[in-house]
Amino acid sequence: MCGVCGFTGEILDRSDREQVLKRMTDVITHRGPDSSGFYCGGGVAMGFRRLSIIDVGEGGDQPIYNEDKTLVLTFNGEIYNYRQLREELVQKGHRFATHTDSEVLVHGFEEWGPQLLGRLRGMFGFAIWNTKDKSLFLARDYFGIKPMHYSLQGENFLYGSEIKSLLEFPGFRKEFNPRALDTYISFEYVAPPETFFQGVYCLPPAHYLWYRNGKVETHRYWEPKFQPDESMTEEQAVDAIEKVFEDSVAAHKISDVEVGCFLSSGVDSSYVSTFFQGQKTFTVGFDYGERYNEIDYAKDLSAKIGLEHHYKVITPEEYWGNIRKVQYHMDQPLADASCIALYFVSKIASEYVKVVLSGEGADELFGGYNIYHEPDDLAAYKRLPRFLRLAAAAVARALPFSFRGKSFLIRGSQDIEESFIGNCSMFTMEEKRSLLKEGLPCTRPQELTRPIYDRVKGMDDVTKMQYLDLNVWLVGDILLKADRMSMANSLELRVPFLDKEVFAVASRLPRRLRVNRENTKYAMRKAALRRLPPATAQKKKLGFPVPIRVWLREEKYYRLVKEAFESETAKRFFHTGALLRLLDDHYQGKRDNNRKIWTIYVFLVWYSIYFASPAEEPGAVPGRPGGEA
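The following paragraphs examine the structure supplied in this document. (Residues numbered from 1 in each chain as written. Predicted model: local features only at pLDDT ≥ 70, side-chain atom pairs only at ≥ 80, totals over all residues. Heavy atoms only, no water.)

### Considerations on the overall build of the protein chain
To keep things clear, this is the line we draw: Secondary structure elements follow DSSP: runs of H or I no shorter than four residues count as helices, runs of E no shorter than two count as strands, and numbering proceeds from the N terminus. All radius of gyration figures rest on C-alpha atoms, and the globule criterion is 2.2 Å times the number of residues raised to 0.38. Throughout, exposure labels follow a simple rule: accessible area from a 1.4 Å probe, protein chains only, divided by the maximum for the residue type, with under 20% read as buried, over 50% as exposed, and the rest as partly exposed. Residue exposure ignores everything except the shown protein chains as possible cover, and the areas themselves are Shrake-Rupley values with a 1.4 Å probe. Counted charges follow a simple rule, with Lys and Arg positive, Asp and Glu negative, and His plus the chain ends left uncounted. Charged side chains are reduced to one point each, which is NZ for Lys, CZ for Arg, CG for Asp and CD for Glu.
Secondary structure assignment for the protein chain yields 28 helices and 17 strands. Relative to a compact globule of 629 residues, whose C-alpha radius of gyration would be 25 Å, the protein chain shows 24 Å and is just as compact. Once the C-alpha set of the protein chain is aligned to its principal axes, its extents read approximately 70 × 65 × 50 Å. Put simply, the protein chain has 629 residues, and 61% of those count as buried. Entry remark: accessible area of the protein chain is about 23,800 Å², with carbon and sulfur atoms responsible for 49%. Each charge class in the protein chain was averaged separately, 83 positive and 85 negative side chains, and the resulting centres sit 4 Å apart.

Next up, the structure:
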């Protein structure tokens, strides 16, 4: 795992370019503390930070070249089928100087061009410079496991694994993007490809980019299409899942250093851990009862299957004291409270191993989220005439108070394209209008999700929901925090569920074998049952619970958040009276607003790091952005 960055243009002389490149790579040293590498020449500057995993000697250093050095590569990620590709390329006459997967990319690109991407099995974000035609090629993996950002700054094209690298470029126009705040308030993350920095974009998953002749061209090279095979039996499905997942884990364990595993009480990471006999697992929790602590479960399972288990109980002081550091590493605000817990479990793991496997992606591929039950829950009600359901919804909306079943009546009147905007839906349009200052964008999130739904017209509602989450939620939340929190601790995180061969099996599962009345991830749980106790394999989806709601009813943290809500930054973007009502209603126990409060608070902390002047900064968390409080 590594970090890459660079820029094009002749605006700087060679010595200046090297100094700029050093600053850009220095701020992502956490992504690769083992070594650095640079290429400056012919209109481009390319930087690299290395975390040594495969060919850990000098052979794995970058940049790396083809035989005549007309192609220059920097690469972040792992290619799990590189040995097979290497053999094929050797037979075609390519000569290799190392045993790395990165050299396979540069020779493969020389041989096949962009068609190389469809041959790869792995996670990647890489850049290739062609010294002959002065073109730059960027690519990102199928699901967006590894990041890639880019920006045009005048005549210079900038790219990097993290946005903070781009900010180091001299003359970078750092401007706040209000469109990102609009989507963030709806989703709890900024919906890609936009970022909170005006003019900075993330390359979408399964896309490549050409920068040549001063122009940017992006192309999609793969799409996660669901093609259910209704003839598939349960036994066939379970056999196929077991076989492909065992193969995927074996591929993801390829490494020249020790590989560990994250472990929670859920079926996903537990299933992964069963392939790790004799190795190490890692868990964190909070001292607020079983609801917020999975450590005992993880210890028991690790003992049963012969794993060395390590854990940590996170104190409130540690959690709140690292919010600022976490948001610095995130680059953009993310209101998923579990990302800070992920920071701590990554930190523990990094003390023992350089690589861990984790369970991200299983829910999106196999249908694991509890919300995917909604089409079944609403099925009987939706058989009523539409005009009756619309009338009931209108009455429910008009009532000024909440009551049991209000959401059911409203959602039951809507098509899935209207009611489901992704796995997380934060503020309603009415709430957004009451919160955001006049003049700021305030659009319906359905405007963003509609084009994605248009690509799966005719599919069943559960499949539509999975497809949307694969393209928005997975990228904007799940994989963003996985990459940033592991890399903040110089740890490589691998996700064997997010493998194109695993998806090939998942995409063929009939809807009844994904989500049914019995459970979510039905067929996958049946496969896990062959290796796990029934209580684990059939356990209801829980997520990673963090006691934010508890803390926000304590005087100490209520005051901390209130100070942020009354700050100059808050007044710039929000009607602070509305913010304080949210906070006070939660503090007084009138309603549970913890996720909404957290969403705003995280944004204010992030803004104080990257944009606010000292006078505006909320007194949220002491300590500099990159250091522990």
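### Details of the packing of helix α10 (residues 323–330) against helix α20 (residues 473–487)
Spelled out, the test is: The axes are straight lines fitted to the C-alpha atoms, using for helices just the contacting stretch, and the angles between their N-to-C directions are given from 0 to 180°. Roughly parallel refers to an angle under 35 degrees, roughly antiparallel to one over 145, roughly perpendicular to one between 65 and 115, and oblique to any angle outside these ranges. When checking whether two residues touch, look at their non-hydrogen atoms; a contact exists if any pair is within 4.5 Å. In this classification, Asp, Glu, Lys and Arg are treated as charged, Ala, Val, Leu, Ile, Met, Phe, Trp, Tyr, Cys and Pro as nonpolar, and every other residue, Gly included, as polar.
It is at 9 Å that the axes of α10 and α20 come closest, and there the two elements cross at 110 degrees. If you check the angle between α10 and α20, you find them roughly perpendicular. On α20, the residues touching V326, H329 and M330 of α10 are L480, K481, R484 and M485. Here the residues of the contact of α10 with α20 sort into four nonpolar, one polar and two charged.

### Comments concerning the packing of aromatic side chains
Two numbers describe a pair of aromatic rings. These are the distance of the centres and the angle of the planes. Cut-off, in case you're wondering: Working definition: rings of Phe, Tyr and Trp (its six-membered ring) pair if their centres are within 6.5 Å, and the pair is stacked with planes under 30 degrees apart, edge-to-face with planes over 60 apart, and tilted otherwise.
Inspection of the entire model under this criterion finds 65 aromatic pairs. Where F137 meets W210, the ring centres are 4.9 Å apart and the plane angle is 65 degrees; that geometry is what we call edge-to-face. Taken together, the positions of F137 in strand β7 (residues 135–140) and W210 in strand β11 (residues 207–212) put the pair 73 residues apart, joining distant regions of the chain. A relative accessible area of 11% means that W210 is categorised as buried. Seen in terms of ring centroids, F574 and F603 are 6.0 Å apart; in terms of plane orientation they differ by 85 degrees. Their pairing is edge-to-face. With F574 in the loop between α26 (568–573) and α27 (576–587) and F603 in helix α28 (residues 594–610), this residue pair connects regions lying 29 residues apart in the sequence. Residue classification places F574 among the buried positions, given a relative accessible area of 1%. What makes F603 buried here is its relative accessible area of 0%.

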